[in-house]
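Notes for the structure review
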Amino acid sequence: MNVVGGYFEWEPTASGEPLHPHARLALNSGRSCVGCLLNVEKPAAVWVPFYCCDALLEPFRAADIPLKHYGLEPDLSVSPGVELGRGERIVVINYFGLQNKQIAALADRWAECLWVDNTQAFFHTPEAPKAFYFNSARKFFGVPDGGYLYSPDDAALPSPETWQRNANYRFEHLILREQGEIFAGHEIFRENERRNGEAITQISRLSESILGGVDYAQAARIRRENYQYLHGELDSRNRLQESLLHLDAEAVPFCYPFLPQPPILHQQLWDQQIFAPQLWAECVSRDGRGFDWERELSRELLSLPIDQRLGRAEMDRILEVLDAVA
Ligand SMILES: Cc1ncc(COP(=O)(O)O)c(C=O)c1O
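In this convention, every chain numbers its residues from 1, walking through the sequence in written order. Per-residue local features are limited, in this predicted model, to residues with pLDDT of at least 70; the limit for side-chain atom pairs, both in listing and counting, is 80 or more; totals at the level of whole chains, interfaces and linings are taken over all residues. Each side-chain value is derived from all of the structure's non-hydrogen atoms; neither hydrogens nor water enter the calculation.

- Taking an unreviewed UniProt entry as the reference, the protein is identified by name as DegT/DnrJ/EryC1/StrS aminotransferase family protein belonging to Symmachiella macrocystis.

Here it is as structure tokens:
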């Protein structure tokens, strides 16, 4: 029975323009979007890049769907050797949110057999999608959950009411972070990450409300400015190819990916309170012969923060620390 009256819950504040009004489904996480596609499409096998996190692999293991790993070219495009067999699908990650154009070409080639992982490209809003696309709001904003799924118009997907609203989340870490208590919130953050992979639900009302009030134009502008600034300073020392690093007019990046020569340890940045995550430690020791380039990326690539909370002062501090540890 619904309780009437009593103390207030979080006040819904949505007043801005939502970013994903045309998504087909608004679910709780990227993993739930993949889980939904696996339930509907029941593929014979799915090609997944070796350079990915374990979280992406969870729904495949849960649904017992065979995986085939593929490698990446020097510009992080899909290895040209990949040929989809009957009933197979392929996941392509839009790395760092920098690959919208490459992905559009792949959508022409593979159409609905392509599942685009836009978890690093939250601002990408495909129009009249030929392929499937999913993203993850937590990677870009302070919300407990949220992942939007885009599909071709004629794709038969369950209606949103199939699932309950997500109530299985933690959000106290968001408040602790706001209060400057980043370490105190870390365990809760991890617990929330885990819960987001547990069951498919609709996005929580809390995240929907917060995401409805975000100034997306401002967030996009700041991310792009920070990225361009770091790129201007680090370009000549970055081993990643310019064709990847070039920021297209529409792209809103996740981070600035820096592959320095000689390598810099993540820990050296963490010691200076620069939290550049390692994408992805688990990939270094993952089973599978070869994939040396992918393991190198996992070991050595620094995912430098450029998000909308940060400005020129923080970018300069990152540059100072990089110079000091080089
Ligand atoms: C590349 C990539 N794909 C998919 C996921 C899964 O997204 P979510 O955590 O929203 O389920 C993640 C992160 O966990 C990721 O880094």
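Okay, back to it.
**Some words on the side chain of H20**
- What counts as a helix is a DSSP run of H or I of at least four residues, what counts as a strand is a run of E of at least two, and both are numbered from the N terminus. Inspection of the secondary structure assignment puts H20 in the segment before β1 (25-27).
- A polar atom in the side chain of H20 sits 2.9 Å from the backbone oxygen of F122.
- Residues are treated as being in contact if the distance between any of their heavy atoms lies within 4.5 Å. Contact partners of H20, with chain neighbours within four places excluded, come to F122, H124, T125, N135, Y148 and Y150. For the purposes of these results, a polar contact is taken to be a pair of N or O atoms within 3.5 Å, where, inside protein, one atom must be able to donate a hydrogen and its partner to accept one; residues adjacent in sequence count only when each atom of the pair is a side-chain atom.

**Let's talk about empty space enclosed by the protein**
- The pocket and cavity definitions rest on a 1 Å grid over protein atoms only: a 1.4 Å probe that fits but cannot leave marks a cavity, an open set with protein on both sides within 12 Å along at least five of seven lines marks a pocket, and residues lining either have an atom within 4 Å of a point. Grid points are joined across faces, edges and corners, and a volume is the space filled by probe spheres set on the points. Enumeration over the complete set of coordinates arrives at one cavity of 30 Å³ or more.
- Of the voids in this model, the largest cavity is the one considered here, and its volume is about 40 Å³.
- Taken together, L76, S77, V78, V92, I93, Q99, Q102, I103 and L106 make up the full set of residues lining the largest cavity.
- Put simply, the parts of the chain that give the lining of the largest cavity at least two residues each are β4 (88-93) and α3 (100-110).
- Among the elements that make up the lining of the largest cavity, the one with the highest residue count is α3 (three residues).

**Remarks on the pattern of salt bridges**
- The term salt bridge refers to a pairing of a side-chain nitrogen on Lys or Arg with a carboxyl oxygen on Asp or Glu at a separation within 4 Å. Considering all chains together, one arrives at 19 salt bridges under this definition.
- Put simply, D54 and R286 hold a salt bridge, and the shortest N to O gap is 2.8 Å. In this pair, D54 is assigned in helix α2 (residues 54-62) and R286 in the loop between α10 (281-284) and α11 (292-300), connecting sequence segments 232 residues apart.
- Categorising residues by exposure relies on relative accessible area from a 1.4 Å probe, with only protein chains included: less than 20% of the type maximum marks a residue as buried, more than 50% marks it as exposed, and the intermediate range marks it as partly exposed. With relative accessibility at 30%, the residue D54 sits in the partly exposed group.
- What makes R286 buried here is its relative accessible area of 9%.
- Between R165 and E208 there is a salt bridge, with the nearest N and O atoms lying 3.2 Å from each other.

**Some thoughts on the nonpolar core**
- What we call a nonpolar core is a set of buried Ala, Val, Leu, Ile, Met, Phe, Trp, Tyr and Cys residues that are connected through their side-chain atoms within 4.5 Å. Judged by nonpolar contacts, the single largest core of 94 residues is most densely connected at Y51, F96 and L304.
- Residue assignment places this core across two domains, with domain 1 (25-211) and domain 2 (216-325) each supplying three or more.
- Aside from chain neighbours lying at most four places away, what touches L304 is L230, L234, C255, Y256, F258, L269, A276, I318 and L322. These domain limits were set by an automatic method or by a database of domain assignments.

**Some details on the layout of surface pockets**
- Taken as a whole, the second largest pocket spans an internal volume of roughly 420 Å³.
- Taken together, the residues of the lining of the second largest pocket sort by class into seven nonpolar, four polar and four charged. Classification used: nonpolar for Ala, Val, Leu, Ile, Met, Phe, Trp, Tyr, Cys and Pro, charged for Asp, Glu, Lys and Arg, polar for all others including Gly.

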